Amino acid sequence: MILERRYNLFGYRATFRTNHARAEALLSGLYVGKADGNERGPLNLYELLHRPEAPVGEQWAIAVPGLAAHSKPTLGEAMFGIEASMAGDVARYDHGLFIVHGAVVYTPQGALLLSGFSGSGKTTLSLALAARGFALGGDDMALLDPSTGLIEPHPRCFHIDPPTDRLVEELGLHLPADALRDRFVTPWDLGVASLPPARVRAVFLLESERVAAPRIVPESQAEAASALLLQVGRGRFSDVEAVRHVAAMTGSARCFRVWSGELGASVDAVLAAAGS
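Think of each chain on its own: its residues are numbered from 1, step by step along the sequence as written. Given that this is a predicted model, residues contribute local features only at a pLDDT of at least 70 and side-chain atom pairs are listed and counted only at 80 or more, while totals for whole chains, interfaces and linings are drawn from all residues. No hydrogens and no water enter the side-chain calculation; it runs on all heavy atoms of the structure.

Side note on the packing of aromatic side chains
Thought 1: Note on aromatic pairs: the rings of Phe, Tyr and Trp (six-membered ring only in Trp) are paired at centre separations within 6.5 Å, and the planes decide the class, stacked below 30 degrees, edge-to-face beyond 60, tilted for the rest. The final tally for this structure, using the stated rule, is four aromatic pairs.
Thought 2: With a centroid separation of 5.7 Å and an interplanar angle of 65°, the aromatic rings of Tyr12 and Tyr93 are classed as edge-to-face. Taken as a pair, Tyr12 in strand β2 (residues 12–18) and Tyr93 in the loop between α2 (75–92) and β6 (98–101) lie far apart in primary sequence, 81 residues in all.
Thought 3: We call a residue buried when its accessible area falls under 20% of the maximum for its residue type, exposed when it is over 50%, and partly exposed in between, using a 1.4 Å probe and counting protein chains only. Using a relative accessible area of 35% as the deciding quantity, one classes Tyr93 as partly exposed.
Thought 4: Lying over the aromatic face of Trp259, Arg215 brings its terminal NZ or CZ to 4.7 Å of the ring centre.
Thought 5: Lying over the aromatic face of Phe237, Arg236 brings its terminal NZ or CZ to 4.8 Å of the ring centre. The way it works is that DSSP assigns letters per residue, a run of H or I at least four long becomes a helix, a run of E at least two long becomes a strand, and they are numbered from the N terminus. Counted as over-ring charges are cases with an Arg CZ or a Lys NZ within 6 Å of the ring centre that also lie within 35 degrees of the ring normal.

Description of the packing of helix α3 (residues 122–131) against helix α4 (residues 162–170)
Thought 1: To get an axis, a line is fitted to the C-alpha atoms, and for a helix only the part in contact is used. The angle between two axes follows their N-to-C directions and goes from 0 to 180 degrees. At their nearest, the axes of α3 and α4 sit 9 Å apart, and the two run at 25° to each other. Compared by their axis directions, α3 and α4 come out roughly parallel. When you trace α3 past α4, the crossing you get is right-handed. Contacts between α3 and α4 pair Thr124, Leu127 and Ala128 from the former with Thr164, Leu167 and Val168 from the latter.
Thought 2: Each residue receives one of three labels: charged for Asp, Glu, Lys and Arg, nonpolar for Ala, Val, Leu, Ile, Met, Phe, Trp, Tyr, Cys and Pro, and polar for the others, Gly being one of them. Of the residues that constitute the contact of α3 with α4, the class distribution is four nonpolar, two polar and no charged. Should an angle fall under 35 degrees it is taken as roughly parallel, and over 145 as roughly antiparallel, whereas 65 to 115 is taken as roughly perpendicular and any remaining angle as oblique. The sense of a crossing depends on the near helix, which, turned anticlockwise from the far helix by less than a right angle, makes the crossing left-handed and, turned clockwise, makes it right-handed. Should any heavy atoms of two residues lie within 4.5 Å, those residues are counted as being in contact.

Re the nonpolar core
Thought 1: Of all hydrophobic cores here, the largest spans 55 residues; its most connected members are Phe16, Leu48, Met79 and Leu113.
Thought 2: Element by element, the count of residues in this core is highest for α2, at seven residues.
Thought 3: The residues touching Leu48, leaving out its near neighbours within four places in the chain, are Phe16, Arg17, Thr18, Asn19, Ala23, Trp60, Ala61, Ile62, Ala78, Met79 and Ile82.
Thought 4: Core analysis: the next-biggest nonpolar cluster, separate from the first, contains 30 residues, Leu125, Leu173, Leu180 and Phe256 among them. Definition used in this section: a nonpolar core is a set of buried Ala, Val, Leu, Ile, Met, Phe, Trp, Tyr and Cys residues joined via side-chain atoms within 4.5 Å.

Describing the pattern of salt bridges
Thought 1: Criterion for a salt bridge: a side-chain nitrogen of Lys or Arg within 4 Å of a carboxyl oxygen of Asp or Glu. In total, this model carries 16 salt bridges according to the counting rule given.
Thought 2: The residue Asp36 makes a salt bridge to Arg13 at a minimum N-O spacing of 2.5 Å. One end of the pair, Asp36, is in the loop between α1 (21–30) and β3 (44–50); the other, Arg13, is in strand β2, with 23 residues separating them in the sequence. Each member of the pair, Asp36 as well as Arg13, is classed as buried.
Thought 3: Where Arg156 meets Glu83, a salt bridge forms, and the shortest distance between an N and an O atom there is 2.6 Å. Remark: Glu83 occurs in helix α2 and Arg156 occurs in the loop between β11 (151–153) and α4; sequence separation between them is 73 residues.
Thought 4: Under the relative-accessibility criterion, Arg156 is labelled buried at 11%.
Thought 5: By relative accessible area, which is 0% here, Glu83 ends up buried.
Thought 6: The structure contains a network of salt bridges with shared partners spanning Arg22, Asp178, Arg181 and Asp182.

Side note on the environment of Thr250
Thought 1: Residue placement: Thr250 occurs in helix α7 (residues 239–251).
Thought 2: According to the relative accessible area criterion, Thr250 is buried, its value standing at 1%.
Thought 3: Residue contacts for Thr250: discarding those within four places in its chain leaves Val203, Gln221, Ala224, Ala225, Leu228 and Cys255.

So, the packing of α3 against helix α8 (residues 263–274)
Thought 1: At a closest axis distance of 10 Å, the pairing of α3 and α8 adopts a crossing angle of 75°. Considering the angle they form, α3 stands roughly perpendicular to α8. Across from Thr124, Leu125, Ala128 and Leu129 in α3, the residues of α8 making contact are Leu263, Ser266, Val267, Val270 and Leu271.
Thought 2: Residue composition of the contact of α3 with α8, grouped by class: seven nonpolar, two polar and no charged.

Coordinates in, geometry out; function isn't part of it.
Laid out in structure tokens, this is it:
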């Protein structure tokens with residue numbers, strides 16, 4: 001049986017088609033609140049087919065716009081291929097929003113933006129904040145509305161390896177066994193359905209270097225804006241527009257550079273700096 005669902009991701013319209021119920025459930029859990037009820041207009045097709053009869057390592061066939069069809073060995077890897085392609089296409093779509101690299105964590109006082117290059121510990125730290133009861137909207141990508149200065153997370157799956165799983169488990173965050181099995185953990189698995197746009201009240205720039213005790217130092221708003229601009233392309237925006245939009249976001253936020261240490265202590269330090 002073929003299952004099909006349509007999504008509207010910040011104006012980018014996509015159809016996901018699969019013959020596997022678990023695959024459909026995973027993407028539906030990721031894109032809660034993003035279903036597209038409009039039956040008209042062009043849609044970009046993403047397809048995942050389970051082929052049990054295929055050779056080992058080739059049983060999950062995926063096809064996405066702009067790439068040749070190919071196979072993955074596991075459901076989790078195939079779903080990551082679909083999800084990563086959709087996120088990339090949303091980032092390239094001309095929706096008038098500016099892409100920001102980082103995880104958005106919601107507190108009662110406003111949003112925290114955790115940003116850093118791959119390997120800096122964004123996923124682990126953001127999940128640890130979720131273990132403390134804060135709502136986590138996404139792991140890697142957010143969209144800034146230049147007209148309002150508000151940021152909204154793009155829902156992405158959290159790629160959690162066994163060491164990270166053990167660390168956050170120790171902090172009290174119990175993730176669903178099936179999500180961990182597929183290595184496709186979503187905000188829905190953390191109890192988050194959808195989150196509204198929010199104003200960024202603190203920006204944390206994570207360094208890859210680990211230290212014995214967490215170290216957080218204030219960063220100028222201009223330096224924070226420069227660091228964020230280094231991590232993403234400017235899309236359809238001119239250089240001047242990109243600088244202006246990101247500087248406006250950091251200009252109303254407290255900004256810090258972070259060297260993480262022991263996870264619990266690092267969470268405490270981030271919350272103390274943010275005033276949460």
